[in-house]
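One-letter residues, chain by chain:
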Amino acid sequence: MIPTVVLGALFGYVLARIRFTSWHEVHLMFTLRDLRLVATFALAVLLLAGIWRLVARVAPARFTPPRVPFEPRHLLGGLLFGAGWALSGACPTIALAGLAQRRASAVIVLVGLVAGNWLWGALNDRWLKWSQQGCGTED
Amino acid sequence: MTGAWSWWQGGLALAGISLLHWLWRGRMLAVSGRFTALLRRRRISVDDELAAELARATAEAFPDAPPVTPPRRRWHGTEHLLFLLALIAGGGFAQAFVPAPMELEPSWPVLLAGGLLVGAGTRMAGGCTSGHGLSGVSRFQPGSLVTIAATFASGIVTAWLLGAP
């Protein structure tokens with residue numbers, strides 16, 4: 001309970017301090033006019049790649065993250081997600097972290113986000129029945 | 001201390017939070033999964049009812065067998081909700097600390113359409129920028145690499161077509 005709240009608050013704080021929560025900054029990133037956010041993301045990924053390598057060596061029994069083999073839904077989902085991110089300026093996390101900054105527009109994005117998630121889930125459950133395995137292990 | 005953090009400050013902080021999340025919760029950081037878990041609540045409870053029904057039928061058919069207790073899937077809804085609310089609070093605290101300027105944004109139908117696409121796309125791909133982007137790409141998981149490559153390719157094309165508001 002406490003770890004969850006602390007981690008969530010820290011994550012939200014950092015994302016707002018990077019200004020990842022701004023529609024304009026996201027637009028600058030996607031139009032490649034300012035690569036600061038790309039560099040931020042790349043550095044985090046590089047550091048984590050080293051960290052996981054170290055962790056897997058030190059505590060192999062405890063380090064059992066889920067594997068994510070490729071499926072076509074990753075390609076299609078990513079394409080929809082990217083288009084939506086460029087339009088709305090928000091991924092699921094920064095829609096929430098940016099609520100205080102963006103106010104009404106963040107609420108509109110969040111309504112769409114929840115509806116889109118629910119809608120795809122319902123359509124998929126009813127007809128397509130593609131795998132719903134997430135990249136994490138939350139349930 | 002005003003304005004945006006530089007790329008190296010931000011990169012260090014994001015990597016630190018991902019590591020802390022794993023150390024403290026024993027799980028990889030993944031946010032859209034929490035949205036999905038909250039929205040899938042009913043489906044899980046239906047599964048529970050089915051499991052209970054099966055256990056009852058089994059007990060009727062085999063009265064001598066030891067009672068079957070179906071494994072219950074725990075629903076961590078409160079945790080998920082708290083994490084999402086904490087994201088709002090953390091972002092709000094930063095905003096109170098160093099207020100960001102109000103900015104011009106696209107009209108509400110564009111924002112709503114964008115939100116719908118983000119919701120459907122992340123549910124379909126089973127992850128977003130945190131789960132696939134930070135946690136998956138840093139472990140070179142094929143599904144995550146494809147998701148993030150497609151996300152950025154599609155985002156670049158869309159932003160270019162859209163232009164600034």
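Residues numbered from 1 in each chain as written. Chains lettered and ligands numbered in written order. Predicted model: local features only at pLDDT ≥ 70, side-chain atom pairs only at ≥ 80, totals over all residues. Heavy atoms only, no water.

Chemist: Mind showing me how you'd approach the overall build of chain A here?
Modeler: Within chain A one finds seven helices and zero strands. Principal-axis analysis of the C-alpha atoms gives chain A an extent of 45 × 40 × 35 Å. A sequence separation of at least 24 residues applies to 42% of the contacts in chain A between residues at least 6 apart. For chain A, the computed accessible surface area is about 6100 Å², with 71% contributed by carbon and sulfur atoms. (Helix = DSSP H or I, 4+ residues; strand = E, 2+ residues; numbered from the N terminus. Contact = heavy atoms within 4.5 Å. Areas by Shrake-Rupley, 256 points an atom, 1.4 Å probe, with all protein chains shown as cover.)

Chemist: Quick question: what am I supposed to make of the environment of Arg36(A) here?
Modeler: Secondary-structure assignment places Arg36(A) in helix α3 (residues 36–58). Spatially, the C-alpha atom of Arg36(A) lies 9.2 Å from that of Glu25(A), the residues being 11 residues apart in sequence. With residues up to four places along the chain from it excluded, the contact list for Arg36(A) reads Ile18(A), Arg19(A), Glu25(A), Ala4(B), Trp5(B) and Trp7(B).

Chemist: When you look at the confidence of the model for chain B in this model, what are you seeing that I'm missing?
Modeler: Detailed conclusions should not be drawn from predicted coordinates in areas where pLDDT is low. Overall, the prediction assigns chain B a mean pLDDT of 89, with 90% of residues at 70 or greater. Scored as a whole, the predicted complex attains pTM 0.89, and scored at its interfaces, ipTM 0.96. (pLDDT = per-residue confidence, 0-100.)

Chemist: Sorry if this is basic, but what is going on with the interface of chain A and chain B here?
Modeler: Quite often, the size of an interface is put as the accessible area lost when its parts meet. Opposite the 97 residues of chain A that make contact, chain B presents 110 residues. Between chain A and chain B, a total of about 9700 Å² is buried, with carbon and sulfur atoms accounting for 74% of that surface. Inspection of the chain A/chain B interface yields two salt bridges. Our count for the chain A to chain B interface comes out at 21 residue pairs in polar contact (both at pLDDT 80 or more). Contributing elements (two or more residues each) for the side of chain A that touches chain B: α1 (2–18), α2 (23–30), α3, α4 (72–88), α5 (92–97), α6 (99–102) and α7 (104–128) of chain A. Within the side of chain A that touches chain B, the residues separate by chemical class into 61 nonpolar, 26 polar and 10 charged. (Buried area = accessible area lost by both parts, 1.4 Å probe. Salt bridge = Lys/Arg side-chain N within 4 Å of Asp/Glu carboxyl O. Polar contact = N/O pair within 3.5 Å; in protein donor to acceptor, adjacent residues only side chain to side chain. Nonpolar A, V, L, I, M, F, W, Y, C, P; charged D, E, K, R; others polar.)

Chemist: Just to check I follow, could you spell out α2(A) for this structure?
Modeler: The α-helix advances 3.6 residues per turn, and as a result positions three or four apart in sequence lie on the same side. Residues and elements named next belong to chain A. With seven of eight residues buried, α2 lies mostly within the body of the structure. Buried residues of α2: Trp-23, Glu-25, Val-26, His-27, Leu-28, Met-29 and Phe-30, and no others. Between the side-chain oxygen of the N-cap and the backbone nitrogen of His-24 there are 3.1 Å, and the N-cap of α2 in question is Ser-22. In the segment just after α2, Leu-32 is the residue with positive phi, at about 60 degrees. (Buried < 20%, exposed > 50% of the residue type's maximum accessible area, 1.4 Å probe, protein only.)

Chemist: Sorry, what's going on with the side chain of Arg73(A) here?
Modeler: The residue Arg73(A) is located in helix α4 in this model. For Arg73(A), a relative accessible area of 4% translates into the label buried. A polar contact of 3.4 Å, which involves the side chain of Arg73(A), links it to the backbone oxygen of Ser131(A). What Arg73(A) contacts, discounting residues up to four positions off in sequence, is Gly78(A), Trp130(A), Ser131(A), Gln132(A), Gln133(A), Met124(B), Ala125(B) and Gly126(B).

Chemist: Would you take a moment to explain the packing of aromatic side chains for this structure?
Modeler: For any pair of aromatic rings, geometry is given as the distance between the ring centres together with the angle between the planes. Evaluation of the coordinates by the stated rule reveals 13 aromatic pairs over all chains. Seen in terms of ring centroids, Phe30(A) and Trp85(A) are 5.2 Å apart; in terms of plane orientation they differ by 90 degrees. Their pairing is edge-to-face. You can see Phe30(A) sitting in helix α2 and its partner Trp85(A) sitting in helix α4, a full 55 residues away along the chain. Owing to a relative accessible area of 1%, Trp85(A) belongs among the buried residues under this scheme. Summarising the aromatic geometry, the rings of Phe63(A) and Trp22(B) are spaced 5.4 Å apart at their centres and angled 75 degrees between planes, so their arrangement reads as edge-to-face. With one member in each of two chains, Phe63(A) in the loop between α3 and α4 and Trp22(B) in helix α1 (residues 7–25) form a pair that bridges those chains. When sorted by exposure, Phe63(A) lands in the same class as Trp22(B), which is buried. Taken together, the ring pairs in this structure connect Phe20(A), Phe30(A), Phe41(A), Phe81(A), Trp85(A) and Phe152(B) into an aromatic cluster. Above the ring of Phe83(B), the side-chain terminus of Arg34(B) is found at 4.1 Å from the ring centroid. (Phe/Tyr/Trp six-rings, centres within 6.5 Å; stacked < 30°, edge-to-face > 60°. Lys NZ or Arg CZ within 6 Å of the ring centre and 35° of its normal.)

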